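Survey of secondary and tertiary structure
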Amino acid sequence: MKPLKRRNTPGIIRRDFLCVPLCPLWLRFLVPLLIFMLASTACSKGSSSTPAENANATPSAAVSEPKATDAAPADTGPLPQIDSKRAFQYIKEIVAFGTRPMGSENHKKVESYITSHLKGDQVEDDAFTADTVEGKFPVRNIIAKYPGTKDGIIVILGHYDTNYPLRNIGFVGANDGGSSSAILLEYANHLRGKKRDGYNVWLVWTDGEEAVRQWSATDSLYGSRHLAEKWEKDDTLKKIKALFVMDMIGDADLNIEKETNAPPWLTDLVYEAAERGGVQSHFYARAAAIEDDHLPFVKRGVPSIDIIDLDYGYNNVFHHTAQDTLDKLSPRSLEIVGNTTLEAIRMLDRR
Ligand SMILES: [Zn+2]
């Protein structure tokens, strides 16, 4: 699962391959010595080891150990820690509005709820009208930007609308819509107030993620499709180092999928972040390609990953049902996903 470290194989020479047991005894010592001297000379030209490293290294280590140019330096700082109780409280308050599909009064209440928590932050709207098979709907992506010292942007998306076809069955989407909105609010708390020592981080509460009738390429992802197009036109996409989607991350029985639209380096990075927190057993038991808010960005070449648990109840039985309620969720799951994502971002900052 973890990425294999690259090794400098050309520097390794097998002595027994060059000097068979039939050699006279003196030759058995002389030949390896000559080979070692040649190898040392060759490596001093191509090796990126510093003189100090060579002085401390044994001869064999000097030729076989790589200089890991693509790895982050050793991490000694404390792991990021979200306030999972506060994040869980946000879900409670969002669920209390009731069902929140596009175009509804409750949807407007959640919009105000989100923006009221972002007072003083740099907030932008990406608002437009979606023309759908169920008619026209106002769609509003809410974007909050937190500046960093490094050139480049890391984006975290999470949808806040609830399923439109289920609007009449009392669907409240505690996990599907609630957990994603809430964890982004908690990320905002974490990012607010100080310039980041790293990339700029943009949080996006996406709208219209759900289909209005039947999921298809044209009936789904209304908000993220619009935003990806917009960011392609104004060249924002070129600045995005990585994009994370949070979706259905509150399930008490947490199993984050290994989402195969993501580039392997990003999948590995998230796993490594999970390992640092000792929570990797909640990641990647299953692999699947999932259509979610990251897809419009994947299609445009943005390195994107969907952090999603699509095994919500046995056989995903609670997904898109009236049983998607608060009692199925746990603050601990928000903590696992939240801390892992923030750690993954910190690792990106240091690359
Ligand atoms: Zn859904």
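Provided above is the structure to which this section pertains.
Residues numbered from 1 in each chain as written. Predicted model: local features only at pLDDT ≥ 70, side-chain atom pairs only at ≥ 80, totals over all residues. Heavy atoms only, no water.

If you look at the biggest cluster of nonpolar residues, it comprises 61 residues, and the most contacted ones within it are Y187, L203, W205, F244 and M246. Ignoring any residue separated from it by four or fewer positions in sequence, one finds W205 in contact with I114, L118, R140, N141, I142, A144, G158, Y160, S181, L184 and L185. Listed in part, the 15 residues of the second largest apolar core include A228, I240, L243 and V302. (Core = buried A, V, L, I, M, F, W, Y, C linked by side-chain atoms within 4.5 Å. Buried < 20%, exposed > 50% of the residue type's maximum accessible area, 1.4 Å probe, protein only. Contact = heavy atoms within 4.5 Å.)

Turning next to helix α11 (residues 331-350). Here α11 contains 20 residues, and its C-alpha end-to-end distance of 29 Å stays within 8% of the 28 Å for a straight helix at 1.5 Å per residue. Of all 20 residues making up α11, 16 are buried, and the element is well covered by its neighbours. The opening residue of α11, the one whose side-chain oxygen lies 3.0 Å from the backbone nitrogen of R332, is S330. (Helix = DSSP H or I, 4+ residues; strand = E, 2+ residues; numbered from the N terminus. Expected span 1.5 Å × (residues − 1). Polar contact = N/O pair within 3.5 Å; in protein donor to acceptor, adjacent residues only side chain to side chain.)

Before going further, it helps to spend a moment on the coordination of the zinc ion. Listed as protein donors to the zinc ion are D176 (OD), E210 (OE), E210 (OE) and H320 (NE2); their distances from the metal cover 1.9 to 2.8 Å. Classification of the site at the zinc ion rests on its four donor atoms, whose angles at the metal span 51 to 147°, yielding the label irregular. Under the relative-accessibility criterion, H320 is labelled partly exposed at 28%. (Donors = N, O, S within 2.8 Å, 3.2 Å for Na, K, Ca; no water. Tetrahedral: all angles 85-135°; square planar, octahedral: opposite > 155°, others 65-115°.)

Ordered in space as β1-β2-β4-β3-β5-β8, the six strands form an open sheet in which the pairing is mixed. Of all the strands in the sheet, just β1 (122-132) and β8 (304-308) have a single pairing partner and so form its edges. On average, each strand axis in the sheet is inclined to that of its neighbour by 20°, with strand direction left out of account. Examined bridge by bridge, β1 and strand β2 (residues 135-146) share eleven bridges and lie antiparallel to one another. When the bridges of β2 are listed, F128 appears paired with V139. Strands in contact with helix α8 (residues 222-233) are β1, β2, β3 (148-159), β4 (196-206) and β5 (240-247); relative to β1, the strand with the most contacts, it is inclined by about 115°. Against the sheet, helix α9 (residues 264-277) contacts β5 and β8, and its axis sits at roughly 60° relative to β5. (Pairing = 2+ DSSP bridges. Axes fitted to C-alpha atoms, helices over the stretch in contact; angles between N-to-C directions.)

Attention shifts here to the environment of A211. Here A211 lies in the loop between β4 and α8. Remark: the alpha-carbon pair of A211 and V133, spanning 78 residues in sequence, is separated by 9.7 Å. Excluding residues that lie within four positions of it along the chain, A211 makes contacts with Y164, P165, D219 and S220.

Of note, L221 is situated in the loop between β4 and α8. What makes L221 buried here is its relative accessible area of 5%. Expressed as a C-alpha distance, the spacing of L221 and E209, which sit twelve residues apart in the sequence, is 4.1 Å. Not counting residues within four places of it along the chain, the set of residues in contact with L221 comprises G208, E209, W215, D292, D293, L295 and P296.

Phi is positive for D235, which is not a glycine, with a value near 70°. Relative to the helices and strands, D235 is located in the loop between α8 and β5. A relative accessible area of 37% places D235 in the partly exposed class. The phi torsion at M248 lies on the positive side, around 55°, for a residue other than glycine. Position of M248 relative to the elements: it lies in the loop between β5 and β6 (256-259). Relative accessible area serves as the criterion here: at 1%, M248 is assigned to the buried category.

Taken as a whole and assessed by the stated rule, the structure comprises 20 salt bridges. Residue K145 is joined to E124 by a salt bridge in which the shortest nitrogen-to-oxygen separation is 2.8 Å. With K145 in strand β2 and E124 in strand β1, the pair connects residues that are 21 residues apart, well separated along the chain. Residues K238 and D235 are paired through a salt bridge, measuring 3.2 Å at the closest nitrogen-oxygen approach. Look at the salt bridges and you will find they share partners, linking E272, R276, E343 and R346 into a network. (Salt bridge = Lys/Arg side-chain N within 4 Å of Asp/Glu carboxyl O.)

On to the packing of α9 against α11. Close contact between α9 and α11 brings their axes to 8 Å; oriented N to C, the two are set at 115°. By crossing handedness, the relation of α9 to α11 is classed as right-handed. Taken together, the residues of α11 that come into contact with α9 (itself represented by W265, L269, V270, E272, A273, A274 and R276) are T340, E343, A344, M347 and L348. Split into classes, the residues belonging to the contact of α9 with α11 amount to eight nonpolar, one polar and three charged. (Left-handed = near helix turned anticlockwise from the far one by under 90°. Nonpolar A, V, L, I, M, F, W, Y, C, P; charged D, E, K, R; others polar.)

So, to be careful, I would describe these as geometric facts and stop short of saying anything about function.
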